[in-house]
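These are the residues of each chain, in order.
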Amino acid sequence: MHAAPDSLATRVAVLRRRRARGRTRAAGGMLLLLLAGLALTLSLGQSFTPPGDVLRVLAGVEVPGASFTVGALRLPRAVLSILAGMSFGLGGVVFQTMFRNPLASPDIIGISAGASAAAVFAIVLLGWSGTTVSVLAVAAGLGVAAAIYLLSWRNGVAGARLILVGIGIAAMLESVIAYVLLRAPAWSLQDALRWLTGSVNGATLEQALPVLLSLALFGGLLLALRGSAELMRLGDDTAAALGVPLARDRALIVLAAVGLIAVATAVTGPIAFVAFLSGPIALRITGPGRAPLVPAALTGALLVLVADYAGQHLLPGRYPVGIVTGALGAPYLIYLIIRTNRTGGRP
Amino acid sequence: MTILSAAALQAGYGDRTILRGLDFTVPPGRITAIVGANACGKSTLLRCLARLLRPEAGEVQLDGRALNRFGARDLARRLGLLPQSPIAPDGITVADLVSHGRHPHQGLLSRWSPEDDRAVARALEATGMADLAERDIDALSGGQRQRAWIAMALAQETGILLLDEPTTFLDISHQVEVLDLLVDLNRSRGTTIVMVLHDLNLAARYADHLVAMLDGRISASGSPEAVLTEAMVEEVFGLKSLVIPDPTSGKPMMLPLGRHGMRREVAE
Ligand SMILES: Nc1ncnc2c1ncn2[C@@H]1O[C@H](COP(=O)(O)OP(=O)(O)OP(=O)(O)O)[C@@H](O)[C@H]1O
Ligand SMILES: [Mg+2]
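Under an unreviewed UniProt entry, the name given to chain B is Iron-dicitrate ABC transporter ATP-binding protein, and the source organism is Pseudooceanicola nanhaiensis. If you open the UniProt record of chain B and go to Sequence similarities (unreviewed entry), you find "Belongs to the ABC transporter superfamily." The record held by UniProt for chain B lists under Subcellular location (unreviewed entry) the comment "Cell membrane".

In the nomenclature of an unreviewed UniProt entry, chain A is known as ABC transporter permease of Pseudooceanicola nanhaiensis. Regarding chain A, the relevant UniProt record gives this comment under Sequence similarities (unreviewed entry): "Belongs to the binding-protein-dependent transport system permease family. FecCD subfamily."

Have a look at this one:
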């Protein structure tokens with residue numbers, strides 16, 4: 001074979017760098033947007049806090065009034081929104097990428113509902129709290145993932161079958177959540193809503209800590225495995241032929257994604273459709289070609305932050321964040337289901 | 001030169017056994033073509049040879065070492081496979097797809113290097129895809145898309161390359177072009193090539209070694225002259241034929257005999 005001219009190699013390199021720069025720029029833009037959203041939610045709520053005061057509170061200075069509204073109310077709420085949004089966004093896009101179908105998102109196929117049902121069960125009926133609830137939620141999420149996998153297995157797992165089985169399991173688990181909540185007469189409607197649609201009401205920094213740890217551990221694992229996830233989009237045979245240890249990497253990716261979703265769900269409840277929406281939105285922004293892991297995490301964070309802000313301050317009345325994201329996600333879900341119906345199961 | 005061989009290979013899907021005790025040594029440094037009727041197990045054999053399917057019994061070895069003792073990347077640096085119907089993600093460009101072929105050459109410590117760019121460029125050049133490097137895969141013709149996939153497999157730069165029907169979707173001139181390209185690759189780099197082909201005449205012309213499969217077994221193997229005979233075509237494909245020397249290559253050439261469309265003397 002003749003050697004390719006170096007100029008072609010140079011062009012290949014230029015193309016590659018241009019695409020990488022484009023992705024970095026898109027992610028950078030989204031990060032700026034997220035910071036702007038954070039600045040807005042910290043300074044403007046029921047009352048306006050000047051940016052200077054916000055910064056002083058962040059630096060640890062005691063500012064009368066602002067220390068409470070910003071430091072105790074707005075900041076924990078924003079931090080939890082961002083961390084949970086990142087967890088949902090990243091966990092969702094990884095599933096969608098691996099199964100090559102936007103409907104294969106953990107909040108559609110019952111994994112969030114599994115974590116949520118376990119958390120409600122432990123909190124309401126067993127009186128548990130804190131880390132043990134998170135651990136149980138992760139275990140339940142993994143259990144549901146395994147159950148869906150086994151139930152939809154027939155000489156391998158087809159995306160469409162996995163999604164149908166998952167939607168059925170999700171419906172069952174949601175009725176379990178509703179039943180458990182009915183058994184808890186002392187619960188307020190706010191708390192009940194958290195477990196049905198997700199909410200960041202009454203967030204504290206202590207609550208955000210497990211989500212941060214899970215993001216560091218599982219998110220880091222997913223970023224390390226992003227190359228494998230990317231190649232799985234080419235189909236199992238091609239990925240394996242290119243040197244991806246399929247069984248191992250797929251198990252690790254599912255574990256990490258379920259871990260992200262379940263820990264966040266154990267704290268905020270299943271914030272509706274954030275996992276489902278973040279990947280497709282991020283893909284629109286960064287352009288196709290590569291699985292948008294980091295952009296989807298940023299999109300998830302922005303979604304939860306902005307939707308919660310809207311639910312608190314922009315809409316008539318106050319709504320938990322999950323109601324707002326639910327209203328955003330439902331039309332897209334219907335659209336996808338109709339399209340899936342037309343294409344006979346292909347995404 | 002690396003030797004890939006299967007001994008007493010038995011494999012299938014679920015409780016359906018497809019390959020039944022098959023022995024096969026890939027001639028190193030040569031071009032081997034596998035032929036056989038639909039569903040006889042050609043793709044299944046390639047998938048076992050590339051460790052994509054775990055055998056029920058028997059073993060595949062690379063250089064005398066069992067295949068499952070190789071690490072994933074290590075194996076992928078020695079042995080490449082282009083599946084029969086690969087899946088391209090939405091919106092991926094040719095250059096991106098071909099770059100994926102470099103995956104096994106990168107590790108945690110060795111990231112993308114100028115050598116990877118050169119390998120991608122060589123693969124694009126060899127497949128005539130250089131001018132289409134920026135195109136989306138979705139925006140290619142079936143033949144161009146096939147060449148993009150072949151370029152990806154070439155960029156892997158393995159000593160052994162398994163290709164499952166690399167010429168499907170290609171018009172006759174592109175079929176010949178791809179096969180010429182594989183011969184170039186074989187001659188210049190000594191790459192061992194195993195390909196599944198449906199066109200018996202092109203298989204006989206381009207392969208050094210021909211393997212005919214029937215119902216999960218090898219029914220004949222050897223030089224094209226020894227394998228492509230009227231008796232083999234009848235046994236493997238259930239088709240009457242006339243095999244004559246190909247005037248352009250001297251290799252055997254098969255002319256199918258159907259019930260219609262032939263001169264009366266031939267049809268008798
Ligand atoms: N993933 C699978 N699950 C179950 N059965 C399968 C699977 N893949 C192939 N088979 C079956 O195994 C048999 C052999 O298939 P294989 O793909 O090896 O045939 P082939 O010789 O490559 O055929 P073709 O020329 O049509 O590509 C067929 O009967 C097929 O239906
Ligand atoms: Mg086949």
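Engineer: Describe the packing of helix H3 (residues 66–98) of chain A against helix H8 (residues 205–224) of chain A, naming the residues involved and giving the relevant values.
Structural biologist: Residue and element names in this part refer to chain A. Where H3 meets H8, the closest approach of the two axes is 9 Å, and the angle between their N-to-C directions is 30 degrees. One element, H3, and the other, H8, form an angle in the roughly parallel class. Viewed along their axes, H3 and H8 form a crossing whose handedness is left-handed. Here Pro76, Val79, Leu80, Leu83, Ala84, Met86, Ser87, Leu90 and Val94 of H3 lie close against H8, whose contacting residues are Leu205, Gln207, Ala208, Val211, Leu212, Leu215, Gly219 and Leu222. For the contact of H3 with H8, the residue count by class is 14 nonpolar, 3 polar and no charged.

Engineer: Residue-level account of the site of ligand 1, with values.
Structural biologist: Residues and elements named next belong to chain B. Taken together, 14 residues sit near ligand 1, with Arg16, Ala39, Lys42, Ser43 and Thr44 positioned nearest. In the complex, the protein chains occlude 69% of the 640 Å² of accessible area that ligand 1 would expose alone. Among the elements of the structure, strand S2 (16–25) and helix H1 (42–49) are those that each provide at least two residues to the shell around ligand 1. Residue classes in the shell around ligand 1 are distributed as 5 nonpolar, 6 polar and 3 charged.

Engineer: Now, about the UniProt feature "transmembrane region" (unreviewed entry) in chain A: what can you tell me, with residues and values included?
Structural biologist: Residues and elements named next belong to chain A. The positions UniProt marks with the feature "transmembrane region" (unreviewed entry) are residues 78–96, 108–128, 134–151, 163–187, 207–225, 252–277 and 319–338. The distance from the first to the last C-alpha atom of residues 78–96 is 26 Å, and the span holds 100% helix and 0% strand. Helix makes up 100% of residues 134–151 and strand makes up 0%, while its end C-alpha atoms are separated by 25 Å.

Engineer: Please set out the pattern of salt bridges residue by residue, giving values where relevant.
Structural biologist: Counted according to the given criterion, the structure contains 21 salt bridges over all chains. Here Arg56 of chain A and Asp53 of chain A are joined by a salt bridge, their closest N and O atoms 3.3 Å apart. Of this pair, Arg56 of chain A and Asp53 of chain A both sit in helix H2 (residues 51–58), 3 residues apart, which is roughly one turn of that helix. Owing to a relative accessible area of 42%, Arg56 of chain A belongs among the partly exposed residues under this scheme. Notably, a salt bridge pairs Arg205 of chain B with Asp246 of chain B, separated by 3.1 Å at the nearest N-O pair.

Engineer: Summarise the sheet that holds strand S1 (residues 4–13) of chain B; cite the residues concerned and give the values.
Structural biologist: Residues and elements named next belong to chain B. Pairing within the open sheet is antiparallel, and its 4 strands lie in the order S2-S1-S4-S5. At either end of the open sheet lies a strand with only one pairing partner, and these are S2 and strand S5 (65–66). In terms of strand pairing, S1 meets strand S4 (residues 57–62) through 5 bridges, oriented antiparallel. Considered in S4, the bridge of Leu4 is made with Leu62.

Engineer: Could you give an account of the coordination of the magnesium ion (ligand 2), with specific residues and numbers?
Structural biologist: Protein coordination at the magnesium ion (ligand 2): the donors are Ser43 of chain B (OG) and Gln84 of chain B (OE1), at 2.0 to 2.1 Å from the metal. One end of the pair, Ser43 of chain B, is in helix H1; the other, Gln84 of chain B, is in the loop between strand S6 (79–82) and helix H3 (94–100), and 41 residues separate them in sequence.

Engineer: Give me the lowdown on the sheet that holds strand S8 (residues 192–196) of chain B, citing residues and values where you can.
Structural biologist: Residues and elements named next belong to chain B. Strands sit in the order S6-S7-S8-S3-S9-S10 across an open sheet of 6 strands; the sheet is mixed. Strands at the two margins of the open sheet, each flanked by one partner only, are S6 and strand S10 (217–222). Adjacent strand axes in the sheet meet at a mean angle of 15 degrees when their direction is disregarded. Both strand S3 (residues 31–36) and strand S9 (residues 209–214) contribute to a ladder of 5 bridges, which runs parallel. Across the sheet, residue Gly36 finds its bridge partner in S9, namely Met213. Contacts from helix H5 (residues 142–155) reach S6 and strand S7 (160–164), with the element oriented near 170 degrees to S6.

Engineer: Go over the interface of chain B and chain A with me, naming the residues and quoting the values.
Structural biologist: Facing the 44 residues of chain B at the interface are 32 residues of chain A. Taken together, chain B and chain A are joined by 4 salt bridges. Residue Asp96 of chain B pairs with Arg19 of chain A through a salt bridge whose shortest N-O separation is 3.0 Å. Across the chain B-chain A interface, the total number found is 6 residue pairs in polar contact (both at pLDDT 80 or more). It is helix H4 (residues 114–126) of chain B that contributes the most residues to the side of chain B that touches chain A, 8 residues altogether. Looking at the side of chain B that touches chain A residue by residue, the class counts come to 25 nonpolar, 8 polar and 11 charged.

Engineer: Can you break down unusual backbone geometry residue by residue, with the values?
Structural biologist: All names here are of chain B. Notably, Arg51 is not glycine yet its phi reads approximately 65 degrees, a positive angle. Note that Arg51 resides in the loop between H1 and S4. Backbone geometry places Phe169, a non-glycine residue, at a positive phi of 75 degrees. The exposed category is assigned to Phe169, whose relative accessible area is 66%.

Engineer: How would you sum up the packing of aromatic side chains? Please name residues and give values.
Structural biologist: Working definition: an aromatic ring pair is given by the centre-to-centre distance plus the angle between the planes. By the definition in use, this model includes 4 aromatic pairs over all chains. These aromatic residues form a ring-pair network of at least three members: Phe273, Phe276, Tyr332 and Tyr335 of chain A. Across from the ring centre of Phe70 of chain B, 4.1 Å away, lies the NZ or CZ of Arg65 of chain B, which sits over that ring.

Engineer: Kindly report on the pairing of S4 of chain B, identifying the contributing residues and their values.
Structural biologist: In this sheet, S5 of chain B lies alongside S4 of chain B in antiparallel orientation, the contact comprising 2 bridges. Following the sheet pairing, Leu62 of chain B is matched in S5 of chain B by Arg65 of chain B.

Engineer: An account of a positive patch on the surface is requested, with residue identities and associated values reported.
Structural biologist: There is a patch of like positive charges on the surface, built from Arg17, Arg18, Arg21 and Arg25 of chain A. Mapped onto the elements, Arg18 of chain A comes out in helix H1 (residues 6–43).

Engineer: So what's going on with helix H4 (residues 111–125) of chain A? Which residues, and what values?
Structural biologist: Residue and element names in this part refer to chain A. The end-to-end C-alpha distance of H4 is 21 Å, a good match for the 21 Å that 15 residues give at a rise of 1.5 Å each. By the criterion of burial, H4 is predominantly enclosed, with 12 of the 15 residues buried. Where H4 is concerned, the buried positions are Ile111, Ser112, Ala113, Gly114, Ala115, Ser116, Ala117, Ala118, Ala119, Val120, Ala122 and Val124. Of the residues one or two after H4, Gly127 is the one with positive phi, at around 70 degrees.

Rules and cut-offs
- Residues numbered from 1 in each chain as written.
- Chains lettered and ligands numbered in written order.
- Predicted model: local features only at pLDDT ≥ 70, side-chain atom pairs only at ≥ 80, totals over all residues.
- Heavy atoms only, no water.
- UniProt positions renumbered as here; feature names shortened; annotations may be inferred.
- Axes fitted to C-alpha atoms, helices over the stretch in contact; angles between N-to-C directions.
- Helix = DSSP H or I, 4+ residues; strand = E, 2+ residues; numbered from the N terminus.
- Parallel < 35°, antiparallel > 145°, perpendicular 65-115°, else oblique.
- Left-handed = near helix turned anticlockwise from the far one by under 90°.
- Contact = heavy atoms within 4.5 Å.
- Nonpolar A, V, L, I, M, F, W, Y, C, P; charged D, E, K, R; others polar.
- Near = heavy atom within 4 Å.
- Areas by Shrake-Rupley, 256 points an atom, 1.4 Å probe, with all protein chains shown as cover.
- Salt bridge = Lys/Arg side-chain N within 4 Å of Asp/Glu carboxyl O.
- Buried < 20%, exposed > 50% of the residue type's maximum accessible area, 1.4 Å probe, protein only.
- Pairing = 2+ DSSP bridges.
- Donors = N, O, S within 2.8 Å, 3.2 Å for Na, K, Ca; no water.
- Polar contact = N/O pair within 3.5 Å; in protein donor to acceptor, adjacent residues only side chain to side chain.
- Phe/Tyr/Trp six-rings, centres within 6.5 Å; stacked < 30°, edge-to-face > 60°.
- Lys NZ or Arg CZ within 6 Å of the ring centre and 35° of its normal.
- Patch = residues over 30% accessible without salt bridge, like charges linked within 9 Å, V, L, I, M, F, W, Y side chains within 5 Å.
- Lys, Arg positive; Asp, Glu negative; His and termini not counted.
- Charge placed at Lys NZ, Arg CZ, Asp CG, Glu CD.
- Expected span 1.5 Å × (residues − 1).

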